[in-house]
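Observations on chain architecture
Okay, here's what each chain looks like letter by letter:
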Amino acid sequence: MTTYDFDREIDRRGTCSVQWDDIADRFGVGELLPFTISDMDFASPPEVLTALRDRVDHGVFGYTEWRIGEFREAIRHWYATRHDTALDIETLVYAPSVLSQLSQLLQMWTAPGDGVVVHTPTYDGFRKAVTGLGRELRRVPVGDTEALEAELAKPDSTMLLLCSPHNPTGRVWREEELAEFARLAERHGVAVVSDEIHADLVADGRRHLPFSRFVEAGPGRRWALITSGTKAFNFPALSGSYGIIGDPDEREAFVHRMETGEGLASPAVLSLTAHVAAYTRGAPWLDELRAYVADTMRLLETRLRDGLPGVTWTPPDAGYLAWIDLRPLGIDDTALQRELVEVEKVAIMPGEVYGTPGFVRLNVGCPRKKAERGVDALVRAATRLRVT
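Let me begin by describing the structure that accompanies this report. Keep in mind that what you see is a predicted model, and the values were worked out from it rather than measured. (Residues numbered from 1 in each chain as written. Predicted model: local features only at pLDDT ≥ 70, side-chain atom pairs only at ≥ 80, totals over all residues. Heavy atoms only, no water.)

Things to note about the overall build of the protein
Defined as follows: A run of H or I in DSSP becomes a helix once it reaches four residues, and a run of E becomes a strand once it reaches two; helices and strands are each numbered from the N terminus. With a 1.4 Å probe rolled over the protein chains alone, any residue whose accessible area is under 20% of its type maximum counts as buried; one over 50% counts as exposed, and the rest are partly exposed. The contact rule is simple, with two residues in contact once any of their heavy atoms fall within 4.5 Å.
In terms of helices and strands, the protein carries 13 helices and 11 strands. Principal-axis analysis of the C-alpha atoms places the extent of the protein at approximately 60 × 55 × 40 Å. The buried share of the protein, taken over its 388 residues, is 55%. Here the analysis covers contacts within the protein between residues at least 6 apart in sequence; of these, 76% occur between residues at least 24 apart.

Given below as structure tokens:
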């Protein structure tokens, strides 16, 4: 029996939404049905909304401190109950976003010109952060351990940047893969940052393992796990993220940078409120969301198999992003985007954004009727262009 209504369509236009209101910035046209940026069209859990209303009703929004109150304990509870992982709350840090954490860690653990190793396809936020700070993005294909070690072995490669689970493929790294990443990083003296913001969206039958389980904490251990509840519970506009840093001196240096150079003396109180509510009372909502998305992914699988023979696609291990390989159809990427935008009036992210032409990334974190419109538009556009 379902408790939450994920079929309800909510009009997001006019809310300063990047996905809905700022679509012309990337696609050149404003009136498109979007399946783009990685947020969902669902309302946040009622439990979170109730907590936010109660906090707003209090009426006083003075300076806040993330280390007091329920925030850290809520995170510890979540990791114990959701990921079967014991967490020392003293290892936690706070930042406005996962990417702001990454920016700080890049500046702490790498120098301009250094190589930062990532997997291809690559989340575009990584590319912007790394290259924007003057570091070199070094890509290795997902699953190619030999290429990974070759890049890590280069003297000027100083960081391995993981996405776990992986965006855009939705891959959940296996235990042996994570252990190998940790081993290679230690062998070559490379720092590791693991972005785990998609961790709570794993599909049934899959298990996310936090990277902190594969490394030791202590002096000289340059690794960090960076994450947030904003992705799984759909409140990214409230901002707020947290991380785990293994080395106590590096952790202290990170906090010092945030509180001085970045001026983060007081985090957003509504973000703290939302996290606490999500991690203590939001699990039932999340489980129903995951089941709903899984059903949508199965619908996509059927529509793609029936509509585009030759395209082999299976639902991802995690998340609501469908990474679809259209290369067997012989379609020109530019022509496909033109068909999608000008004829079908939909916006779907091209694989080139993530460094892999020939693919598209379709966001189905939305009511099923919208998802159906998106995949059907993709099938029609690709059918008109496919090379027979």
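Side note on the sheet that holds strand β1 (residues 33-35)
Working definition: the strands of a sheet are paired by backbone hydrogen bonds and lie parallel or antiparallel to each other. Operational definition: Strand pairing is assigned whenever DSSP identifies at least 2 bridges connecting the two strands. For helices, the fitted line uses only the C-alpha atoms of the stretch in contact; every axis is such a line through C-alpha atoms, and the angle between N-to-C directions lies from 0 to 180 degrees.
Taken together, the four strands give an open sheet; going across it, the order is β1-β10-β11-β9, and neighbouring strands pair in mixed fashion. On the outer flanks of this sheet lie β1 and β9 (321-325), each paired with one strand and no other. Averaged over all adjacent pairs, the angle separating strand axes in this sheet is 35 degrees, with direction ignored. Sheet analysis places strand β10 (residues 346-350) next to strand β11 (residues 359-363), joined by two bridges and oriented antiparallel. Looking at the pairing, M349 lines up with R361 of β11. Where helix α13 (residues 368-385) meets the sheet, its contacts fall on β1, β9, β10 and β11, and the angle it forms with β1 comes to roughly 90 degrees.

Some remarks on helix α4 (residues 71-82)
Counted only if it meets this: By definition here, a helix of n residues has an expected span of 1.5 Å times n minus one. When we speak of the arc, we mean the arc of directions from the helix axis to the C-beta atoms.
Taking 1.5 Å per residue as the helical rise, α4 with its 12 residues ought to reach 16 Å, and the 16 Å between its terminal C-alpha atoms agrees with that figure. Those residues of α4 lying buried are F71, R72, A74, I75, W78 and Y79. Buried residues of α4, seen end-on, are gathered within an arc of 160 degrees and therefore sit on one face of the element. Considering only its buried residues, α4 is in contact with β2 (92-95), β7 (223-227), β8 (241-245), α10 (269-281) and α11 (283-307).

Remarks on the packing of aromatic side chains
Inclusion rule: Pairing of aromatic side chains requires ring centres within 6.5 Å, counting the rings of Phe and Tyr and the six-membered ring of Trp. Pairs whose planes differ by under 30 degrees are stacked, by over 60 edge-to-face, and all others tilted. By definition here, charges over rings are those cases where NZ of Lys or CZ of Arg is within 6 Å of the ring centre and within 35 degrees of the ring normal.
On inspection of all chains with the given rule, the structure shows 16 aromatic pairs. Taken together, a centroid distance of 5.2 Å and an interplanar angle of 75 degrees make the contact between F6 and F42 edge-to-face. Here F6 is found in the segment before α1 (18-21), whereas its partner F42 is found in the loop between β1 and α3 (46-58), with 36 residues between them in sequence. Of the two residues, F6 and F42, both sit in the buried class. Here the aromatic cluster, defined as three or more aromatic residues joined through ring pairs, consists of F6, F42, W66, F71, W78, Y94, F233, Y242, Y279, W285 and Y292. One cation-aromatic arrangement involves R368 over Y292; the distance from NZ or CZ to the ring centre is 4.0 Å. Sitting over the ring of F35, K370 keeps its end group 4.9 Å from the ring centre.

Topic: the side chain of E47
Test applied: Neither His nor the chain termini are counted; the positive set is Lys and Arg, and the negative set is Asp and Glu. What makes a salt bridge here is a side-chain nitrogen of Lys or Arg within 4 Å of a carboxyl oxygen of Asp or Glu, nothing more.
With respect to the helices and strands, the residue E47 is situated in helix α3. Despite its burial, E47 remains without a salt bridge, the nearest opposite charge being carried by R281 at 7.1 Å. Non-local contacts of E47, meaning those with residues more than four positions away in its chain, are made with Y4, A277, R281 and W285.

Some remarks on unusual backbone geometry
Here the bond from S164 into P165 is cis, since omega is -5 degrees, no more than 30 degrees from zero. By the element assignment, P165 lies in the loop between β5 (157-163) and α8 (175-187). Each neighbour pair has its own omega, and for N167 with P168 the value is 20 degrees, a cis peptide bond. Tracing the backbone through its elements, the reader meets P168 in the loop between β5 and α8. Not every positive phi belongs to a glycine, and N234 is a case in point at roughly 60 degrees. Considering the arrangement of structural elements, one finds N234 in the loop between β7 and β8.

Overview of the packing of helix α7 (residues 145-152) against α8
Where we set the bar: Geometric relationships in this document are graded by angle, where less than 35 degrees denotes roughly parallel, more than 145 denotes roughly antiparallel, 65 to 115 denotes roughly perpendicular, and other angles denote oblique. In this scheme, a crossing is called left-handed if the near helix is turned counterclockwise away from the far one by less than a right angle; it is called right-handed if the turn is clockwise. Side-chain classes are defined by residue name, with Ala, Val, Leu, Ile, Met, Phe, Trp, Tyr, Cys and Pro counting as nonpolar, Asp, Glu, Lys and Arg as charged, and the others, Gly among them, as polar.
Relative orientation of the contacting elements α7 and α8 amounts to 25 degrees, with a least axis distance of 10 Å. One way to sum up the angle between α7 and α8 is to call them roughly parallel. In the packing of α7 onto α8, the handedness of the crossing is right-handed. Listed contacts from α8 to T145, L148, E149 and L152 of α7 are E180, F181, L184, A185 and R187. Along the lines of polarity and charge, the residues of the contact of α7 with α8 split into five nonpolar, one polar and three charged.

Observations regarding the environment of A129
Note that A129 resides in helix α6 (residues 124-132). Separated by 115 residues in sequence, A129 and G14 have C-alpha atoms that sit 29 Å apart. Every residue in contact with A129, bar those within four places of it in the chain, is listed here: L102 and L106.

So, the environment of I324
Mapped onto the elements of the fold, I324 is located in strand β9. A C-alpha to C-alpha distance of 7.8 Å links I324 and L362, two positions 38 residues apart in sequence. Apart from the residues within four sequence positions on either side, I324 is in contact with L304, V311, W313, G358, F359, V360, L362 and L378.

Overview of the pairing of β7
Counting buried positions along β7 yields five of five residues, so the element is predominantly enclosed. A two-sided burial pattern is seen for β7, the buried positions comprising W223, L225 and T227 on one face and A224 and I226 on the other. Taken together, the four bridges between strand β6 (residues 191-195) and β7 define a ladder with parallel strand orientation. Residue pairing across strands places D195 opposite I226, the latter belonging to β7. Across four bridges, β7 lies against β8 in antiparallel orientation. By the bridge assignment for β8, I226 is matched with G243.

Purely geometric numbers; function is a separate question.
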